[in-house]
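Read off the chains here:
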Amino acid sequence: MPEIGIGARVRKSPFFDATVEAGATMFTIYNHMYMPISYGDPMREYSALTERVCIWDVAAERQVEIVGPQAAELTQRLSARDLSKCKVGRARYAPMCDHDGHLINDPVILKLAEDRFWLSIADLDILLWAKAVSGEGDYDADVFEPDASPLGIQGPNAEDLVAELLGDWVRDVPFFGHAWAKLDGIPMVVCRSGWSHQGGFELFLTNSDRGTDLWNLVWDAGQKYGIAPGGPHFQERVESDLLSFGADHPLDADPFEVGLGNLVDLDAAHDFIGKAALIAKRDQGQRRARVGLHLDGEPILNVDSPWELNLDGESVGSLRVGVLSPKFERNIGIGFIDIAGVQVGTELVALGPDGPRVATVVPLPFS
Ligand code: THG
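Keep in mind it's a predicted model, so treat the numbers as computed, not measured. (Residues numbered from 1 in each chain as written. Predicted model: local features only at pLDDT ≥ 70, side-chain atom pairs only at ≥ 80, totals over all residues. Heavy atoms only, no water.)

Q: I'd love a proper account of the overall build of the chain, names of residues and values included.
A: The helix and strand tally for the chain stands at 9 helices and 21 strands. The C-alpha radius of gyration of the chain comes to 21 Å, within 12% of the 21 Å expected for a compact globule of 367 residues. Structurally, the chain occupies a C-alpha span of about 65 × 50 × 40 Å along its principal axes. Classification of the 367 residues of the chain by burial places 55% in the buried group. Long-range pairs, those at least 24 residues apart, make up 65% of the contacts in the chain with a sequence separation of at least 6. Just so you have it, the chain exposes about 16,000 Å², and 50% of that area is on carbon and sulfur atoms. Taken as two groups, the 31 positive and 55 negative side-chain charges of the chain have centres that lie 4 Å from each other. (Helix = DSSP H or I, 4+ residues; strand = E, 2+ residues; numbered from the N terminus. Rg over C-alpha atoms; globule rule 2.2 N^0.38 Å. Buried < 20%, exposed > 50% of the residue type's maximum accessible area, 1.4 Å probe, protein only. Contact = heavy atoms within 4.5 Å. Areas by Shrake-Rupley, 256 points an atom, 1.4 Å probe, with all protein chains shown as cover. Lys, Arg positive; Asp, Glu negative; His and termini not counted. Charge placed at Lys NZ, Arg CZ, Asp CG, Glu CD.)

Q: Before we move on, could you go through empty space enclosed by the protein and cite the residues and values that matter?
A: Empty space among the atoms can be located by rolling a probe the size of a water molecule over them. Under the definition given, this model contains 1 cavity of 30 Å³ or more. The computed volume of the largest cavity comes to approximately 40 Å³. Taken together, Trp 56, Val 58, Glu 61, Gly 152, Gly 194, Trp 195, Glu 202 and Pro 232 form the lining of the largest cavity. Across the lining of the largest cavity, the residue classes tally to 4 nonpolar, 2 polar and 2 charged. (1 Å grid on protein atoms, 1.4 Å probe; cavity = no way out; pocket = protein on both sides within 12 Å on 5 of 7 lines; lining within 4 Å. Points joined across faces, edges and corners; volume = space filled by probe spheres on them. Nonpolar A, V, L, I, M, F, W, Y, C, P; charged D, E, K, R; others polar.)

Q: Got a sec to walk through the environment of Ala 24? Specific residues and values, please.
A: Among the structural elements, Ala 24 can be located in the loop between helix 1 (16–21) and strand 1 (26–30). The exposure class of Ala 24 is buried, given its relative accessible area of 18%. Apart from residues no more than four positions distant in its own chain, Ala 24 is found in contact with Thr 19, Pro 36, Ser 38 and Tyr 39.

Q: Tell me about the environment of Arg 288, and name the residues and values.
A: If you trace the backbone, Arg 288 turns up in strand 16 (residues 288–295). For the pair Arg 288 and Phe 117, spaced 171 residues apart in the sequence, the C-alpha separation amounts to 33 Å. With near-sequence residues (within four places) excluded, Arg 288 lies in contact with Pro 250, Asp 252, Ala 253, Glu 257, Phe 336, Ile 337, Asp 338 and Ile 339. At 3.2 Å, the side chain of Arg 288 and the side chain of Asp 252 are in polar contact. (Polar contact = N/O pair within 3.5 Å; in protein donor to acceptor, adjacent residues only side chain to side chain.)

Q: Tell me about the sheet that holds strand 19 (residues 330–338), residues and numbers included.
A: Across a sheet, strands are paired by hydrogen bonds formed along the backbone, either parallel or antiparallel in direction. With antiparallel pairing, 6 strands are arranged side by side around a closed barrel as 16-19-18-17-20-21. The average undirected angle you get between the axes of adjacent strands in this sheet is 40 degrees. Bridge count for strand 20 (residues 347–352) against strand 21 (residues 355–362) is 6 bridges, and the pairing is antiparallel. Across the sheet, Glu 347 pairs through a bridge with Thr 360, a residue of strand 21. (Pairing = 2+ DSSP bridges. Axes fitted to C-alpha atoms, helices over the stretch in contact; angles between N-to-C directions.)

Q: Report on the pattern of salt bridges, specifying residues and quantitative values.
A: One pass over the full model with this rule turns up 22 salt bridges. For Glu 145, the salt bridge is made with Arg 11, and the minimal N-O distance between the two is 2.8 Å. Linking Glu 145 in the loop between strand 10 (142–144) and strand 11 (149–154) with Arg 11 in the segment before helix 1, this pair joins segments that are 134 residues apart in sequence. Look at Glu 145 and you get partly exposed, because its relative accessible area is 29%. Relative accessible area serves as the criterion here: at 31%, Arg 11 is assigned to the partly exposed category. (Salt bridge = Lys/Arg side-chain N within 4 Å of Asp/Glu carboxyl O.)

Q: Go over the nonpolar core with me, naming the residues and quoting the values.
A: Judged by nonpolar contacts, the single largest core of 54 residues is most densely connected at Leu 151, Ile 153, Leu 161, Leu 166, Leu 203, Leu 214 and Val 218. Ranked by the residues each element gives to this core, the list is headed by helix 5 (residues 158–166), at 6 residues. If we ignore the near neighbours within four places in the chain, the residues touching Leu 214 are Phe 15, Leu 151, Leu 183, Ile 186, Met 188, Leu 203 and Leu 205. Residues Val 64, Met 96, Val 143 and Ile 273 belong to the second largest nonpolar core, which totals 20 residues. (Core = buried A, V, L, I, M, F, W, Y, C linked by side-chain atoms within 4.5 Å.)

Q: Go over the sheet that holds strand 3 (residues 53–57), please, and point to the residues and values.
A: Pairing within the open sheet is mixed, and its 6 strands lie in the order 12-13-14-11-3-15. Every other strand in the sheet has two partners, leaving strand 12 (178–183) and strand 15 (227–230) as the edge strands with one partner each. On average, each strand axis in the sheet is tilted by 25 degrees relative to the strand beside it, whichever way the strands run. Here strand 12 runs beside strand 13 (residues 186–191); their pairing, made up of 6 bridges, is antiparallel. Each residue of the ladder has a partner; that of Ala 181, found in strand 13, is Met 188. Those strands touched by helix 6 (residues 211–222) are strand 3, strand 11, strand 12, strand 13, strand 14 (200–205) and strand 15, and its axis lies near 140 degrees from that of strand 15.

Q: Talk me through the pairing of strand 13; I want residue IDs and the actual numbers.
A: In terms of residue burial, strand 13 counts as a mostly covered element, since 6 of its 6 residues are buried. Because side chains alternate across strand 13, one face comprises the buried residues Ile 186, Met 188 and Val 190, and the other comprises Pro 187, Val 189 and Cys 191, equally buried. Pairing between strand 13 and strand 14: 4 bridges, direction antiparallel. Looking at strand 14, one finds that Val 190 is bridged to Leu 203.

Q: Account for the state of the cysteines, with residues named and values stated.
A: Put plainly, two cysteines are in a disulfide when a covalent bond ties their sulfur atoms together. With the rule as written, the count across this model stands at 0 disulfides. Note on Cys 86: no disulfide assigned, nearest cysteine sulfur contributed by Cys 191 at a separation of 10 Å. (Disulfide = S-S within 2.5 Å.)

Q: Could you give an account of the packing of helix 5 against helix 6, with specific residues and numbers?
A: A pair of packed helices can be characterised by two numbers: the angle between their axes and the separation between those axes. Running from amino to carboxyl end, helix 5 crosses helix 6 at an angle of 120 degrees, the nearest separation of the two axes being 10 Å. Taken together, helix 5 and helix 6 sit at an angle that is classed as oblique. Classified by chirality, the crossing of helix 6 by helix 5 is right-handed. Along its contact with helix 5, which presents Leu 161, Glu 164 and Leu 165, the element helix 6 presents Leu 217, Val 218, Ala 221 and Gly 222. Its residues assigned to classes, the contact of helix 5 with helix 6 shows 5 nonpolar, 1 polar and 1 charged. (Parallel < 35°, antiparallel > 145°, perpendicular 65-115°, else oblique. Left-handed = near helix turned anticlockwise from the far one by under 90°.)

Keep in mind these numbers describe shape, not what the thing actually does.
Listed below in structure tokens is the structure:
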């Protein structure tokens with residue numbers, strides 16, 4: 001396979017050197033930053049993640065900070081989810097749309113103070129978007145990328161490990177709760193969050209000079225918990241039905257189509273970007289959907305570009321993601337399809353590079 005070019009145009013995470021030292025073998029580019037996604041043995045990373053604990057460099061989940069007298073108003077204008085009940089020290093998973101109601105991101109939004117927010121973003125240029133909306137709307141708020149880089153600690157032993165490092169108080173931090181902390185003088189925000197269903201924390205390092213130091217402290221303390229290096233795990237996240245923004249859907253999809261409709265508050269008072277378009281879409285009825293699939297045939301290693309999905313010889317959409325699931329011991333996948341005439345149980349045909357296979361629509365989350 002081709003290699004990836006390492007150079008100055010794409011940014012390096014504060015943990016980059018540590019991940020290379022730890023043996024990272026595969027990187028992707030996310031928010032203009034290298035992000036390690038494998039250390040050579042996905043099954044070892046899977047068992048560490050589901051049975052012990054993993055350390056993930058997810059600094060590429062960049063933050064967009066919004067701070068100032070009108071920060072709350074601007075953040076709410078950008079977010080389809082009603083944030084009015086979100087308290088300081090809590091976070092919300094909150095879809096963002098453009099004016100056409102297309103999903104442009106699915107950030108975790110941390111409320112650091114009444115007038116200070118971090119949008120912890122998926123892979124799209126929300127910094128430019130937020131600055132433009134702020135500037136054009138004359139909001140009294142500053143919008144910038146702060147020095148804040150999440151280090152994921154995920155897996156059943158994550159809580160014991162983070163408690164050993166930071167203190168037993170972290171055990172009382174609720175899901176999506178967060179607090180400032182320091183370890184050996186290294187400043188961070190610790191949040192109970194992460195892109196797996198195995199439990200864990202994200203340590204948002206706020207001094208990027210200390211990336212290797214933080215990595216090493218976690219690594220050394222993690223030895224007795226069976227820590228392994230890893231990255232957002234493509235099999236576990238499909239099993240857990242976590243949306244991968246941009247991978248699971250085309251870029252003109254709306255939050256209803258990708259399955260985030262429950263996080264869109266069309267009946268709340270706030271007027272967010274895309275609200276009128278989403279009301280119109282709701283009234284028209286949904287035509288497309290992100291669906292779960294069971295796929296027959298040989299183990300699927302990767303879907304490197306979407307496979308056409310057919311029903312009675314007609315294209316009804318595409319298979320976006322397919323994996324051999326260790327948990328369900330079969331191929332599972334995510335399709336994005338026209339739903340007219342398709343229900344749970346409908347058998348589609350997936351046209352992969354190695355020939356057609358049967359793809360049966362199943363409910364999400366997988367079971
Ligand atoms: N961590 C941080 N920022 C991120 C991600 C992350 N930004 C981009 C991307 N990942 C956002 N994607 C998700 C998807 C799901 C969840 C978190 C981030 C998640 N979902 C809860 C669940 O599935 O149980 C439900 C949350 C809710 O409904 O409120 O946690 O990984 N920092």
